[in-house]
Amino acid sequence: MVAPAVTFPAEPVIGPAPKPDHQRPPTAPPQRAHRDVSKLPAPRPAWEARQVTPDARSIAAQRYTVRPGDTLGAIAARTGAGADAIARANALAPPFPVRAGQTLAIPGGRYHLVRAGQTGIAIARAYGVPWREVIAANALDEPYLLRAGQRVLIPHTPGGAISAAERAAAFTLDVDTILTGGEPAVVAGQAPATPVASPRRVLAPSAATVAPAALPGRFVWPVDGTIVRRFGPGATGERNDGIKIAVALDTPIRAIADGTVAYVGSEVPALGGLVIVRHGGGWTSVYGHAGALLVQRGQAVRKGQVIARSGESGFADRPELHFELRRGRTPVDPTTQLPHR
């Protein structure tokens with residue numbers, strides 16, 4: 001097997017950063033964000049199909065003395081706190097053994113009980129908090145899959161209770177949120193869906209998907225065109241997490257490597273028609289502004305396979321491709337990873 005010709009980006013600096021340009025108000029006429037995007041028949045995204053009732057249980061911080069026969073899961077169920085939060089608070093390591101008579105600190109807070117099929121996006125929307133804050137509060141990491149029966153800590157929002165409309169207005173959907181909060185919670189013993197090559201298979205919104213295990217190898221360019229916007233900060237301070245490539249309308253957009261389709265749709269208004277593909281080694285590629293989407297969530301795609309056709313959907317200024325490459329949650333300049341031109 002040929003070793004992958006990829007490099008690893010430095011860890012991101014923690015701290016406030018400018019918003020990516022696709023979260024900023026459009027500079028193009030508003031109707032551009034609503035151009036039609038053709039796609040294959042498919043159900044609504046999991047976060048739309050399985051909405052969440054904000055019924056978190058608030059508990060006070062307390063001490064708990066372990067009883068004979070107790071397990072960490074039983075203690076979590078009895079106290080209403082999350083098992084993961086209890087483990088972190090008491091420096092318990094897998095397989096999280098506890099012993100009778102041991103005193104445990106139970107962290108206080110609002111805990112939401114995750115049900116089968118619920119997503120991080122739907123949970124964050126229900127409580128009007130950014131999903132990234134839920135990730136931080138619960139120390140979630142790759143692959144960000146929630147489990148049915150898991151209790152997640154919900155950070156408190158400033159200003160007290162807010163209405164459903166205010167919660168919805170406070171929530172912004174972007175690529176990072178889809179990547180980390182878009183998969184439905186899995187049930188114990190239920191394996192993620194096996195990727196298949198056919199776009200005729202339509203996954204239920206409740207079916208989780210999984211990224212390939214193999215490293216992606218050498219990447220290829222998704223289109224032939226002219227780079228009209230480069231990676232990084234713009235002249236007015238906005239941040240571009242990818243590059244924009246001007247192409248003719250209806251140009252084939254190709255997968256840069258083998259992978260599994262994680263998302264197909266147009267729920268990020270600024271990016272219009274959008275395909276997200278997970279590759280091995282934590283790599284993800286993102287293809288926006290498409291006019292036609294040709295694949296399904298959970299589909300296995302091959303390097304060079306046509307997955308979409310270019311358009312000017314979203315806030316595109318012309319027929320173009322918005323292309324991102326990420327390692328984990330970190331955007332990487334695609335031109336440092338694609339073949340030199």
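Placed above this text is the structure.
1. Points about the layout of surface pockets
Thought 1: In this model, the second largest pocket occupies a volume close to 420 Å³.
Thought 2: Lining of the second largest pocket is provided by 26 residues; of these, Pro43, Arg44, Pro45, Val264 and Arg297 occupy positions nearest its centre.
Thought 3: At the level of secondary structure, the elements contributing two or more residues to the lining of the second largest pocket comprise α1 (46–49), α7 (175–181) and β11 (259–265).
Thought 4: Sort the elements by how many residues they give to the lining of the second largest pocket and β11 lands first, with four residues.
Thought 5: For the lining of the second largest pocket, the per-class residue count stands at 17 nonpolar, three polar and six charged.

2. What to know about the environment of Arg88
Thought 1: Looking at where Arg88 falls in the secondary structure, it is placed in helix α3 (residues 83–89).
Thought 2: What makes Arg88 partly exposed here is its relative accessible area of 39%.
Thought 3: On a C-alpha basis, the gap between Arg88 and Ala139 in space is 9.0 Å, while along the polypeptide they are 51 residues apart.
Thought 4: Filtering out sequence-adjacent residues up to four positions away, Arg88 remains in contact with Ala137, Asn138 and Ala139.

3. Some points on the pairing of strand β15 (residues 306–310)
A regular strand carries its side chains on alternate faces of the sheet.
Thought 1: In this sheet, β15 lies alongside strand β10 (residues 252–254) in antiparallel orientation, the contact comprising three bridges. Paired with Arg254 across the strands is Val306, a residue of β15.
Thought 2: Where strand β13 (residues 283–293) lies against β15, three bridges are found, and the strand directions are antiparallel. Bridging from a neighbouring strand, Leu293 pairs with Ala308 of β15.

4. Some thoughts on the pattern of salt bridges
Thought 1: All told, the structure shown has 12 salt bridges when counted by the stated rule.
Thought 2: We note a salt bridge from Arg341 to Asp224, for which the minimum N-O separation is 2.6 Å. In this pair, Arg341 is assigned in the segment after β17 (330–332) and Asp224 in the loop between α7 and β6 (226–229), connecting sequence segments 117 residues apart.
Thought 3: Close ionic contact of Glu320 with Arg318 constitutes a salt bridge, the shortest N to O distance being 3.2 Å.
Thought 4: Judged by its relative accessible area of 2%, Glu320 falls in the buried class.
Thought 5: Each of Arg239, Asp241, Glu324 and Arg326 takes part in a single network of salt bridges with overlapping partners.

5. As for the sheet that holds strand β5 (residues 151–154)
Thought 1: Strand order in the open sheet made by the three strands is β1-β4-β5, with antiparallel pairing throughout. The open sheet is flanked by β1 (57–59) and β5, the only strands paired with a single partner. Sheet twist, expressed as the mean angle between neighbouring strand axes with direction ignored, is 40°.
Thought 2: In this sheet, strand β4 (residues 109–113) lies alongside β1 in antiparallel orientation, the contact comprising three bridges. Pairing of Arg57 across the sheet is with Tyr111, part of β4.
Thought 3: Seen against the sheet, helix α2 (residues 72–79) touches β1 and β5 and runs at an angle of roughly 100° to β1.

6. A word on the side chain of Gln102
Thought 1: Along the chain, the position of Gln102 falls in the loop between α3 and β3 (103–106).
Thought 2: When its relative accessible area of 14% is taken as the criterion, Gln102 is described as buried.
Thought 3: Those residues within four positions of Gln102 in sequence are excluded, and the remaining contacts are Tyr64, Thr65, Val66, Leu92 and Pro97.

Parameters at a glance
Residues numbered from 1 in each chain as written. Predicted model: local features only at pLDDT ≥ 70, side-chain atom pairs only at ≥ 80, totals over all residues. Heavy atoms only, no water. 1 Å grid on protein atoms, 1.4 Å probe; cavity = no way out; pocket = protein on both sides within 12 Å on 5 of 7 lines; lining within 4 Å. Points joined across faces, edges and corners; volume = space filled by probe spheres on them. Helix = DSSP H or I, 4+ residues; strand = E, 2+ residues; numbered from the N terminus. Nonpolar A, V, L, I, M, F, W, Y, C, P; charged D, E, K, R; others polar. Buried < 20%, exposed > 50% of the residue type's maximum accessible area, 1.4 Å probe, protein only. Contact = heavy atoms within 4.5 Å. Pairing = 2+ DSSP bridges. Salt bridge = Lys/Arg side-chain N within 4 Å of Asp/Glu carboxyl O. Axes fitted to C-alpha atoms, helices over the stretch in contact; angles between N-to-C directions.

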